[in-house]
Amino acid sequence: DAGVTQSPTHLIKTRGQHVTLRCSPISGHKSVSWYQQVLGQGPQFIFQYYEKEERGRGNFPDRFSARQFPNYSSELNVNALLLGDSALYLCASSRPVSFGLYEQYFGPGTRLTVT
Amino acid sequence: GQNIDQPTEMTATEGAIVQINCTYQTSGFNGLFWYQQHAGEAPTFLSYNVLDGLEEKGRFSSFLSRSKGYSYLLLKELQMKDSASYLCAVRSLSNDYKLSFGAGTTVTVRA
């Protein structure tokens, strides 16, 4: 089975531009979460979607938005890019295994550089 | 909110044992994860603790004390490939899928 896939792998954008990152979860996984990982830090939670609905949101400005499609794939959009948005953007695909326990797998990430 | 602390760096010799500590202060605790992340790659799942005690998986073990807000990851029989960043993450009580990560501990294994 294929793991979590993300595209593109790398991206270079200019300040003020807009970017769309894409994620396809593992087959059978209905939840997708997005994380931002700045160099030298741990991942920071941005959004979580389950069954196409936003179920959780981290402390990020409204420039960040996301959506989930009927096939459970997801897009993360960032408007008006700032230099500080340069980071590795990780998508995590999850499914419940039993009560209170779930599997969560990360994709390879998209490395965004804002110049 | 969540406050998760772990050492920045640790160095150990091949074949040795290393213990990575993680302390946390949270508004609601619902489990603690350890992930391994090699440079430039995605985090990979190592362990999950929700009850107090030790969970053993081969060369890796993880311990949790909820009353002390403390966990550790024990890596035995270190191999060169274990050189990586190790991330401690706490699961949110309000959202099962939301993890709050520490900054990570970079472990360097030397021959």
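See the structure shown above.
To keep things clear, this report deals only with the structure shown in the data block. The model shown is predicted, which means the values in this text are computed figures rather than measured ones.

**Points about the pattern of salt bridges**
Residue and element names in this part refer to chain A.
Phase 1: For the structure on display, the rule yields 9 salt bridges over all chains.
Phase 2: Residue E75 is joined to R22 by a salt bridge in which the shortest nitrogen-to-oxygen separation is 3.5 Å. Taken together, the residues span a long stretch of sequence, with E75 in strand β8 (residues 74-78) and R22 in strand β3 (residues 19-24) at a distance of 53 residues.
Phase 3: Between R67 and E75 there is a salt bridge, and its shortest N-O distance comes to 3.3 Å.
Phase 4: Residue classification places R67 among the partly exposed residues on the basis of a relative accessible area of 45%.
Phase 5: Of the residues examined, E75 reaches a relative accessible area of 11% and is grouped as buried.
Phase 6: Salt bridges sharing common partners tie together R22, R67 and E75.

**Details of the interface of chain B and chain A**
Phase 1: If you look at the interface, chain B gives 17 residues, while chain A gives 25 residues.
Phase 2: Roughly 1600 Å² is buried in total at the junction of chain B and chain A, and carbon and sulfur atoms are behind 56% of that figure.
Phase 3: In this assembly, chain B and chain A are joined by 0 salt bridges.
Phase 4: Looking at the side of chain B that touches chain A, the elements that each hand over two or more residues are β4 (29-37), β9 (84-92) and β10 (99-101) of chain B.
Phase 5: Counting residues per element, the side of chain B that touches chain A draws most heavily on β4 of chain B, at 3 residues.

**Considerations on the sheet that holds strand β6 (residues 53-57) of chain B**
All names here are of chain B.
Phase 1: If you trace the 5 strands from one edge of the open sheet to the other, you get β1-β3-β8-β7-β6, paired in antiparallel fashion. Only two strands of the sheet have a single partner each, and these edge strands are β1 (2-5) and β6. The sheet shows a mean angle of 15 degrees between the axes of neighbouring strands, direction not considered.
Phase 2: Relative to strand β7 (residues 60-65), β6 runs antiparallel, the two being bridged by 5 bridges. The residue bridging K57 from the neighbouring strand is F60, located in β7.

Here is what the cut-offs are and how they apply
- Residues numbered from 1 in each chain as written.
- Chains lettered and ligands numbered in written order.
- Predicted model: local features only at pLDDT ≥ 70, side-chain atom pairs only at ≥ 80, totals over all residues.
- Heavy atoms only, no water.
- Salt bridge = Lys/Arg side-chain N within 4 Å of Asp/Glu carboxyl O.
- Helix = DSSP H or I, 4+ residues; strand = E, 2+ residues; numbered from the N terminus.
- Buried < 20%, exposed > 50% of the residue type's maximum accessible area, 1.4 Å probe, protein only.
- Contact = heavy atoms within 4.5 Å.
- Buried area = accessible area lost by both parts, 1.4 Å probe.
- Pairing = 2+ DSSP bridges.
- Axes fitted to C-alpha atoms, helices over the stretch in contact; angles between N-to-C directions.

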